[in-house]
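Summary of the model geometry
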Amino acid sequence: MTQRYLRLGVNIDHVATIRNARGGGHPDPVRAARQAAAAGADGITAHLREDRRHISDDDIRRLIESIELPLNFEMAATGEMLKIALQHRPHAACIVPEKRQEVTTEGGLDAAGGASALRPYCDQLADAGIRVSLFIDPDRIQLEAARALGAPVVELHTGAYCGAFIEDMNGARAKAELARIVAAAALAEELGLECHAGHGLTFDSVKPVAAIPSILELNIGHFLVGEAIYVGLEAAIKRMRNIMDQARSDGLGARIA
Ligand code: PXP
């Protein structure tokens, strides 16, 4: 089987988090997006949260107007976000669950339980030519629901795996969480869904995930912005890109499965 290219989507939300800590315009997530492009990112991801805690409406407008890379617009399934997506028509919209009190996106979307509420969002985004992705936990029932909703893409939530990996990278829990991702990625392929993954990935935890052959895109943000403090954003992204490419060609995922 030929090895498929693994895209890197760089999530720039936390550049905006730092900017917003003081107000004003520095650091600018749009400048970070340009640097990400120069460093080899294949796409830019930005989450416009209901409370606008990091990315702002104006950031989305400027990203759409000035960035050549495809924009993956992360959004909750709300009327307000749908309107903004339809106005800007990003390359892709990734529907995520959103709770106002959470620190970050905890757990995946309940595509199975919430199918009837999600359907009009999926349909209207697709009708506007926006590629719909659903951010789900690596579970069969959620993958099947995503397929029934007609979403062409799923993004598997890697948060549980990354949390277990930090605790003990060789522990039973990390292995079990990775096995869930491996199985879900294989099932996504069987169901004809393009499979992406992300949340909490680091230089170390990315390796086994990057090696899973049916995963075609990883979206990574917080760790890269944190590393940028030490080595600069371009260097952090280049290193992540190299690690992903190396893991892909080593095929670690197949061995672990
Ligand atoms: N993918 C999705 C759908 C997300 O919501 C996030 C976090 O905003 C990420 C990927 C990136 O996660 P992290 O910032 O932990 O790398």
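About the criteria used
- Residues numbered from 1 in each chain as written.
- Predicted model: local features only at pLDDT ≥ 70, side-chain atom pairs only at ≥ 80, totals over all residues.
- Heavy atoms only, no water.
- Pairing = 2+ DSSP bridges.
- Helix = DSSP H or I, 4+ residues; strand = E, 2+ residues; numbered from the N terminus.
- Axes fitted to C-alpha atoms, helices over the stretch in contact; angles between N-to-C directions.
- Expected span 1.5 Å × (residues − 1).
- Buried < 20%, exposed > 50% of the residue type's maximum accessible area, 1.4 Å probe, protein only.
- Arc of directions from axis to C-beta.
- Phe/Tyr/Trp six-rings, centres within 6.5 Å; stacked < 30°, edge-to-face > 60°.
- Contact = heavy atoms within 4.5 Å.
- Patch = residues over 30% accessible without salt bridge, like charges linked within 9 Å, V, L, I, M, F, W, Y side chains within 5 Å.
- Areas by Shrake-Rupley, 256 points an atom, 1.4 Å probe, with all protein chains shown as cover.
- Salt bridge = Lys/Arg side-chain N within 4 Å of Asp/Glu carboxyl O.

**Focus: the sheet that holds strand E2 (residues 43–47)**
Judged by pairing direction, the barrel is parallel, and its eight strands sit side by side in the order E1-E2-E3-E4-E5-E6-E7-E8 before closing back on the first. Mean inter-strand twist for the sheet, computed between neighbouring axes without regard to direction, equals 25°.

**Details of helix H11 (residues 233–250)**
With 18 residues, H11 should reach 26 Å at 1.5 Å per residue; the first-to-last C-alpha distance of 26 Å fits that figure. Those residues of H11 that fall on the buried side of the exposure criterion are Leu233, Ala236, Ile237, Met240, Arg241, Ile243, Met244, Ala247 and Arg248. Taken down its axis, H11 places every buried residue within 165° of arc, on the same side. Where H11 terminates, the next one or two residues include Gly251, which has phi positive at roughly 65°.

**A few points about unusual backbone geometry**
The step from His26 to Pro27 runs through a cis peptide bond, and the omega angle for that step is -5°. Within the secondary structure, Pro27 is located in the loop between helix H1 (13–22) and helix H2 (29–38). Of note in this structure, Arg52 is not a glycine but carries a positive phi near 55°. Position of Arg52 among the secondary structure elements: in the loop between E2 and helix H3 (57–66).

**Comments concerning the packing of aromatic side chains**
Tallying each qualifying case throughout the model produces two aromatic pairs. Plain terms: the ring middles of Phe203 and Phe223 are 4.8 Å apart, the flat faces sit at 85° to each other, and that makes the pair edge-to-face. Taken together, the positions of Phe203 in the loop between strand E7 (194–198) and helix H9 (206–210) and Phe223 in helix H10 (residues 222–231) put the pair 20 residues apart, joining distant regions of the chain. Owing to a relative accessible area of 7%, Phe203 belongs among the buried residues under this scheme.

**Some points on H10**
Three or four residues apart is the spacing at which side chains of an α-helix point the same way, because the helix has 3.6 residues per turn. All of the buried residues in H10 are Leu224, Val225 and Glu227. For H10, the arc enclosing every buried residue in end-on projection is 160°, short of the 170-degree limit, so these residues lie on one face. Exposed residues lying more than 90 degrees from the buried face of H10 are His222, Ile229 and Tyr230. Contacts made by the buried residues of H10 are with strand E1 (7–11), H1, strand E8 (215–220) and H11. Just downstream of H10 lies Gly232, where phi reads positive at about 95°.

**Concerning a nonpolar patch on the surface**
The grouping of Ile229, Tyr230 and Val231 at the surface amounts to a nonpolar patch, some 380 Å² of accessible area in total. When you line up the elements, Ile229 lands in helix H10.

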